[in-house]
Amino acid sequence: MFTAEAGASELKQVRDQLLAVCGGLVEVVEGLCMAREQRRPPVSYVIVGRVAIVSLDERLAGREREVAEELLRTVPGIAAVYGKEATVGEYRAQKLVHLAGERLQETIHVEHGLRIPVPLGRVYINPRLATEHRRVAEMITGDDVVLDMFSGVGGFSLVASALGRGRLIVANDANPWAVASLLRAMEMNKSKLKTPIVAVCSDARRLPELLSPVFTRIIMNLPHSAVEFIPVARRLCSPRGCVLHVYTVASSPEEALARVPGGSSVTHVLDYAPHRFIYRVDVVVRGEDQVEG
Ligand SMILES: C[S@@+](CC[C@H](N)C(=O)[O-])C[C@H]1O[C@@H](n2cnc3c(N)ncnc32)[C@H](O)[C@@H]1O
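As recorded in an unreviewed UniProt entry, the protein goes by SAM-dependent methyltransferase TRM5/TYW2-type domain-containing protein and comes from Pyrodictium abyssi.

As structure tokens, then:
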């Protein structure tokens with residue numbers, strides 16, 4: 001366990017032990033050691049296309065521009081550094097502040113070889129979801145009819161389509177910017193997409209008025225409130241039965257399972273905050289459990 005009090009030599013010792021076990025941790029451990037040696041806390045950032053997005057937390061206070069310039073110099077392929085203040089509002093869009101480099105309106109994020117246009121500050125985007133996109137896509141069977149209820153720019157839908165999973169994918173989001181990005185991504189990647197995707201821009205609460213109950217798999221990636229949408233999802237389930245993938249924030253797998261009625265299995269997806277994690281809870285809705293109309 002790293003603590004603020006740990007000395008540089010202790011960290012080096014831990015680093016050597018970790019390196020012996022897992023080379024993949026090199027970057028993380030080196031980052032922590034370097035920060036400690038320079039008496040600076042580590043910086044958390046993600047790369048979206050040509051942009052580095054730095055989390056503006058208290059560890060960075062007063063050093064934002066210095067750190068941004070350093071990233072611009074040292075991270076290959078980036079043209080700009082933005083700070084993320086928060087993920088805000090119903091659309092979960094990132095509130096970004098420009099810190100260094102070019103002032104970009106848009107960047108092209110690449111995930112599993114698929115190009116996705118991202119209008120900066122207008123949509124939700126998290127490159128750390130790439131593994132989960134693929135993991136869920138690989139659960140989709142050839143016969144599935146899929147609803148990606150909170151698709152954002154379409155990570156789950158695009159990856160599933162590129163893998164040729166399912167018969168049809170309906171991707172919905174309330175944010176018109178996100179749906180516009182998805183539509184552009186569908187055009188940009190058309191030679192790679194196999195399963196047809198239909199894009200819808202609607203509040204998910206209205207989907208039962210727009211869509212028939214034909215879905216055998218519904219992805220519900222809105223961790224703070226997906227649970228509230230389970231009754232809506234159940235109205236969209238096929239009479240053949242359906243699997244709901246419900247994302248939720250909790251402190252333990254047990255808490256996540258308890259939060260999702262009917263949950264049968266739980267998977268850790270991302271770390272969210274100290275002692276808070278995002279989990280996927282899968283719910284199997286059997287054919288005879290359907291709710292009419
Ligand atoms: C966590 S993000 C989705 C991320 C996306 N699934 C991905 O993998 O990148 C949640 C999305 O839900 C959308 N959203 C929030 N409330 C909604 C609602 N009532 N109906 C439809 N979409 C909604 C937001 O606009 C946002 O794009």
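Enquirer: Could you clarify how one ought to interpret the pattern of salt bridges in this entry?
Expert: A pair can form between side chains of opposite charge whenever their charged atoms are brought close. Under the criterion given, the structure shown has 14 salt bridges. Of the charged contacts, one joins Asp143 and Arg167 as a salt bridge, the two residues approaching to 3.7 Å between their closest N and O atoms. Of this pair, Asp143 sits in the loop between helix H4 (130-137) and strand S7 (145-148) while Arg167 is found in the loop between helix H5 (155-162) and strand S8 (168-172), placing the two residues 24 residues apart along the sequence. For Asp143, a relative accessible area of 42% translates into the label partly exposed. Since its relative accessible area comes to 47%, Arg167 is described here as partly exposed. Among the salt bridges present, the one from Asp203 reaches Arg205, with a minimum N-O distance of 2.8 Å. Look at Asp203 and you get partly exposed, because its relative accessible area is 28%. Using a relative accessible area of 49% as the deciding quantity, one classes Arg205 as partly exposed. One salt-bridge network, held together by shared partners, links Glu132, Arg135, Arg280 and Asp282.

Enquirer: Explanation requested: the UniProt feature "domain: SAM-dependent methyltransferase TRM5/TYW2-type" (unreviewed entry) in the protein in the structure shown.
Expert: Here the UniProt feature "domain: SAM-dependent methyltransferase TRM5/TYW2-type" (unreviewed entry) sits at residues 45-287. Secondary structure content for residues 45-287 is 23% helix and 35% strand, while the C-alpha to C-alpha distance between its ends is 44 Å.

Enquirer: What is the right way to read the packing of H4 against H5 from this model?
Expert: Each pair of packed helices gets described by two things: the angle between the helix axes and the distance between those axes. At a closest axis distance of 9 Å, the pairing of H4 and H5 adopts a crossing angle of 50°. Here H4 lies oblique to H5, going by the angle between them. In the packing of H4 onto H5, the handedness of the crossing is right-handed. Facing Glu132, His133, Arg134, Val136 and Ala137 of H4, the residues of H5 in contact are Gly155, Phe156, Val159 and Ala160. Of the residues assigned to the contact of H4 with H5, the class counts are five nonpolar, two polar and two charged.

Enquirer: What's the story with helix H6 (residues 176-188) in this structure? I'm lost.
Expert: Because each turn of an α-helix spans 3.6 residues, side chains separated by three or four positions in sequence point in the same direction. In this model, H6 (13 residues) spans 18 Å end to end at C-alpha, consistent with the 18 Å of a helix rising 1.5 Å per residue. Residues Ala178, Val179, Ser181, Leu182, Ala185 and Met186 constitute the buried set of H6. For H6, the arc enclosing every buried residue in end-on projection is 155°, short of the 170-degree limit, so these residues lie on one face. Lining the buried residues of H6 we find strand S6 (114-119), H5, S8 and strand S9 (197-200). Where H6 begins, the side chain of Asn175 points an oxygen toward the backbone nitrogen of Trp177, at a separation of 2.9 Å.

Enquirer: Hey, could you run me through the sheet that holds strand S2 (residues 51-55) in this one?
Expert: The pairing of strands in a sheet comes from backbone hydrogen bonds and takes either a parallel or an antiparallel form. Across the sheet, four strands lie side by side as S1-S2-S3-S4; this open sheet has mixed pairing. Each edge of the sheet is formed by a strand with only one pairing partner; in this case those strands are strand S1 (45-48) and strand S4 (93-101). Here the strands of the sheet are splayed against their neighbours by 30° on average, with no regard to which way each runs. Relative to S4, strand S3 (residues 80-88) is paired through eight bridges, and the arrangement is antiparallel. Each residue of the ladder has a partner; that of Ala86, found in S4, is Lys95. Lying over the sheet, helix H3 (residues 64-74) contacts S1, S2, S3 and S4, oriented at roughly 75° with respect to S4.

Calculation notes
- Residues numbered from 1 in each chain as written.
- Predicted model: local features only at pLDDT ≥ 70, side-chain atom pairs only at ≥ 80, totals over all residues.
- Heavy atoms only, no water.
- Salt bridge = Lys/Arg side-chain N within 4 Å of Asp/Glu carboxyl O.
- Helix = DSSP H or I, 4+ residues; strand = E, 2+ residues; numbered from the N terminus.
- Buried < 20%, exposed > 50% of the residue type's maximum accessible area, 1.4 Å probe, protein only.
- UniProt positions renumbered as here; feature names shortened; annotations may be inferred.
- Axes fitted to C-alpha atoms, helices over the stretch in contact; angles between N-to-C directions.
- Parallel < 35°, antiparallel > 145°, perpendicular 65-115°, else oblique.
- Left-handed = near helix turned anticlockwise from the far one by under 90°.
- Contact = heavy atoms within 4.5 Å.
- Nonpolar A, V, L, I, M, F, W, Y, C, P; charged D, E, K, R; others polar.
- Expected span 1.5 Å × (residues − 1).
- Arc of directions from axis to C-beta.
- Polar contact = N/O pair within 3.5 Å; in protein donor to acceptor, adjacent residues only side chain to side chain.
- Pairing = 2+ DSSP bridges.

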